[in-house]
Amino acid sequence: MKIAIIGAGYGGMAAAYDLRKAGHDITIFESTDFVGGLASGFKEPHWDWSVEKFYHHWFASDKHMLALFDELGLSDQVIFPRPYTVLLHNGKWYPFDSILKALLFPGLGFGLNKIRFGLVGLYLRLTNNWKPFEQVTVEEWMRKWAGKQVYEQMWQPLVIGKFGPYYKDVNMAWMWARLKARTTNLGTFKGGFQAFADRFAEILRKQGVEIRLGVRVESIKREQNGLRVGSEVFDKVLVTTSPNLMAKLCPELPESYLKGLLELKSMGAVVMVLSLKHQLSEQGYYWYSLPKGEGFPFLALVEHTNFVSPEHFGGDYIVYAGDYLEQGHEYFSLSDDELLERFAPAFKRINPKFEMDWVKKTWVFKTNYAQPVPLVNHSQNIPDIETPVEGLYFASMSQVYPWDRGTNFAVEIGRKAAKLMQE
Ligand SMILES: Cc1cc2nc3c(=O)[nH]c(=O)nc-3n(C[C@H](O)[C@H](O)[C@H](O)COP(=O)(O)OP(=O)(O)OC[C@H]3O[C@@H](n4cnc5c(N)ncnc54)[C@H](O)[C@@H]3O)c2cc1C
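Residues numbered from 1 in each chain as written. Predicted model: local features only at pLDDT ≥ 70, side-chain atom pairs only at ≥ 80, totals over all residues. Heavy atoms only, no water.

1. Re the overall build of the protein
(1) Moving on: Scanning the protein for helices and strands turns up 12 helices and 20 strands.
(2) Moving on: For 423 residues, the compact-globule formula gives about 22 Å, and the C-alpha radius of gyration of the protein, at 22 Å, lands near that figure.
(3) Moving on: Projected onto its principal axes, the C-alpha coordinates of the protein cover approximately 65 × 50 × 40 Å.
(4) Moving on: By the burial criterion, 56% of the 423 residues in the protein qualify as buried.
(5) Moving on: Within the protein, contacts between residues separated by at least 24 positions form 70% of all contacts whose residues are at least 6 apart in sequence.
(6) Moving on: For the protein, the exposed area adds up to about 18100 Å²; of that, 52% sits on carbon and sulfur atoms.
(7) Moving on: One finds the centroid of the 47 positive side-chain charges in the protein at a distance of 5 Å from the centroid of its 47 negative side-chain charges. (Helix = DSSP H or I, 4+ residues; strand = E, 2+ residues; numbered from the N terminus. Rg over C-alpha atoms; globule rule 2.2 N^0.38 Å. Buried < 20%, exposed > 50% of the residue type's maximum accessible area, 1.4 Å probe, protein only. Contact = heavy atoms within 4.5 Å. Areas by Shrake-Rupley, 256 points an atom, 1.4 Å probe, with all protein chains shown as cover. Lys, Arg positive; Asp, Glu negative; His and termini not counted. Charge placed at Lys NZ, Arg CZ, Asp CG, Glu CD.)

Spelled out as C-alpha cells, the structure:
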C-alpha cells in the first residue's frame, strides 16, 4: 500500500516503522523542519546534548518506549538517573517521589492522614481495574477515600496546576494512571530526546521511508481511488496531529466524528527554558511542584542539570519554568522579556542568591495542545483510530486514555494504528 503519515512525532514515526517493515510505501509529511514533535529539543553550539523544548523524561515503566529502543538497537543509549522531586511545606522543600519519602513528608502529620494517604496510594498502585474510577471525579473520590486534608494538601494542587478551570471535572482514572506509571528513576537518551528522534528518523530513512520536512498538509480529500494529500493520492492516511487540526484537515468527516473531535478538551503549555551561570537548586533537586496557592507565577520549576550533568551543556545550568494554561491565557501573548520579568522573583524564592545576571539566555516555547482533559466517563468520548472516511486513520494524545499523554503511549498508539491499517 501507498501510505501517508501526517506528523513526524513519536506516534507518526512508530507507525512508519511498523508499516515500512511490513513492506508498505511510506511518506511522512511534517510541517516543521525537525522530527520529534512535542518531544523535540534544541541545542546551542557549545552544548553536546540537546535540551527538550518542554521538559521530558521517561519512567522505568514505559514499556513501549523501552521495547522500541531494544528493536532499534539503542537500549545502551538510554540512562535512568535518580533525580529528586520536592514539595513545599511551611516554607521548606521536602523530597516526595517514593512511598518512603512520602511517608516522611511532614505536611500530613503522623496520624490517621498519613495512614489514609499511604493506603489510598497503595491501593491505586496495586489495582488494575481503572474502569470504575472514570465514573467519578478526582475531587469526589479523593475527598471520600483519602479525606479532606490529604486531598487538599497533596492532590488538589496537582489537579489545579494541570487542569486549571477543569480541575473539579477530571476523572479519577487519570489520577490512577498517573500514579500507576510513575517510577523514582527517570530516563533520558544520551544526547537528549532530539538525539533519539534524529537517530530514529535516520533508521526510517535507511529503511526507505520518505520524510518530508517543512511540508504542512492543508487538507485530505477522499477521491475514487484513494485519499488526496497535496498533489498525490494515497491508499491510506494516518493523521497524528491534535483533534482540532484533524477536524480542519478533513472537514468531510461525518458530523458525529467531527463533533467528537471538537468536543475534546485540552490545556496548552507555556515553558521558559533558561541557561544559567550557576546552579539554582543548590540541594540538587530536579523537580519543584509549586502549588498555585503559594503565589508562584508558574506550576513547575525543573532544573534539568540536576537530572543530567551540566557537563553536557558546556557548564551551563539548564532550568525550565512551565505552566499548563487555557488557550487565550495572557502568557501566550507576553513577550519573552515580559515573561522573564514575571518569573524571575520565583527563582529568588528557590535560591535567595539568584540574580538576573545569572541568566545567560532564555527561550520560550508555547503550544495550544499539551494536556488532554479527561472528563467523567471519558472512554465513551474517545474518537476511533479508524475514522468513518475509508482509509483515513487518526492517532493522537487524546486517544491514549486511560493513560496520561506521553511518548510511551504515542509509540503504543502509533503501532496500534499501523496494525489496524493493515487489517
Ligand atoms: C509540557 C509537556 C511535557 C511533557 N512531558 C513528557 C514527559 O516527561 N515524558 C513523555 O514521555 N512525554 C511528555 N510529554 C508528552 C509527549 O511530548 C507527547 O505525548 C508526544 O510527544 C506526542 O507524540 P505524537 O506523535 O502523538 O504528537 P506530536 O509530537 O504532537 O506530533 C505531531 C506532529 O505533527 C506535526 N503536524 C501538525 N500539523 C501538521 C500538518 N498540517 N502537516 C504536517 N505535519 C503536521 C507537528 O509538527 C508534530 O511534529 C509532554 C508534553 C508536554 C507538552
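2. Some points on the nonpolar core
(1) Moving on: Among the nonpolar cores identified, the biggest contains 60 residues, and Leu124, Met142, Met154, Trp155, Met175 and Val273 are the most heavily contacted of them.
(2) Moving on: A per-element tally of this core places helix 7 (residues 172–181) first, with 8 residues.
(3) Moving on: Apart from residues lying up to four places away in sequence, Met175 is in contact with Val138, Met142, Trp155, Leu158 and Val159.
(4) Moving on: Formed by 42 residues, the second largest nonpolar core is a distinct cluster that contains Met65, Leu74, Phe189 and Ala410. (Core = buried A, V, L, I, M, F, W, Y, C linked by side-chain atoms within 4.5 Å.)

3. A few points about the side chain of Ser242
(1) Moving on: Mapped onto the fold, Ser242 is located in the loop between strand 14 (236–239) and helix 9 (243–249).
(2) Moving on: Residue class for Ser242 comes out buried when judged on its relative accessible area of 11%.
(3) Moving on: What Ser242 contacts, discounting residues up to four positions off in sequence, is Tyr369 and Phe394.

4. Notes on the packing of aromatic side chains
(1) Moving on: Counted under the stated rule, the structure contains 40 aromatic pairs.
(2) Moving on: Arranged with centres 6.0 Å apart and planes meeting at 35°, the rings of Phe69 and Phe189 form a pair that is tilted. Remark: Phe189 occurs in strand 9 (residues 186–189) and Phe69 occurs in helix 2 (residues 63–72); sequence separation between them is 120 residues.
(3) Moving on: Residue class for Phe69 comes out buried when judged on its relative accessible area of 1%.
(4) Moving on: We classify Phe189 as buried; its relative accessible area is 0%.
(5) Moving on: On the basis of an interplanar angle of 80° and a centroid distance of 6.3 Å, the ring pair of Tyr123 and Phe133 is categorised as edge-to-face. (Phe/Tyr/Trp six-rings, centres within 6.5 Å; stacked < 30°, edge-to-face > 60°.)

5. Examining the site of the ligand
(1) Moving on: Taken together, the neighbourhood of the ligand is formed by 29 residues, with Glu30, Leu38, His56, His57 and Thr407 sitting nearest.
(2) Moving on: Take Ser31: an N or O atom from its main chain is 3.1 Å from a nitrogen atom of the ligand.
(3) Moving on: In the model, an oxygen atom of the ligand is placed 2.7 Å from a nitrogen or oxygen of the His56 side chain.
(4) Moving on: Computed on the free molecule, the ligand has an accessible area of 1000 Å², of which 92% lies beneath the protein chains in the complex. (Near = heavy atom within 4 Å. Polar contact = N/O pair within 3.5 Å; in protein donor to acceptor, adjacent residues only side chain to side chain.)

6. Observations regarding helix 5 (residues 138–145)
(1) Moving on: For helix 5, the complete set of buried residues consists of Val138, Glu139, Trp141 and Met142.
(2) Moving on: Residues of helix 5 that are buried make contact with helix 4 (112–126), helix 6 (148–163) and helix 7.
(3) Moving on: At the exit of helix 5 stands Gly147, carrying a positive phi of roughly 95°.

7. Concerning the side chain of Ser275
(1) Moving on: Positionally, Ser275 belongs in strand 15 (residues 265–276).
(2) Moving on: With relative accessibility at 2%, the residue Ser275 sits in the buried group.
(3) Moving on: Among all residues touching Ser275, those that are not within four sequence positions of it are Trp47, Asp316, Tyr317, Ile318, Trp358, Val359, Lys360, Lys361 and Trp363.

8. Observations concerning the sheet that holds strand 5 (residues 58–59)
Strand pairing in a sheet relies on backbone hydrogen bonds, with the paired strands running either antiparallel or parallel.
(1) Moving on: What the 3 strands build is an open sheet, ordered 5-9-6; its pairing is antiparallel. Since the sheet does not close on itself, it has two edges, and those belong to strand 5 and strand 6 (78–79), each with one partner.
(2) Moving on: As paired strands, strand 6 and strand 9 are joined by 2 bridges and run antiparallel to one another. Bridging from a neighbouring strand, Ile79 pairs with Thr188 of strand 9. (Pairing = 2+ DSSP bridges.)

9. Things to note about empty space enclosed by the protein
(1) Moving on: A full pass over the atoms with the stated rule returns 1 cavity of 30 Å³ or more.
(2) Moving on: In this model, the largest cavity occupies a volume close to 100 Å³.
(3) Moving on: Pro372, Pro374, Tyr401, Trp403 and Asp404 are, among the 13 residues lining the largest cavity, the residues nearest its centre.
(4) Moving on: Counting residues per element, the lining of the largest cavity draws most heavily on strand 19 (residues 359–373), which supplies 3 residues. (1 Å grid on protein atoms, 1.4 Å probe; cavity = no way out; pocket = protein on both sides within 12 Å on 5 of 7 lines; lining within 4 Å. Points joined across faces, edges and corners; volume = space filled by probe spheres on them.)

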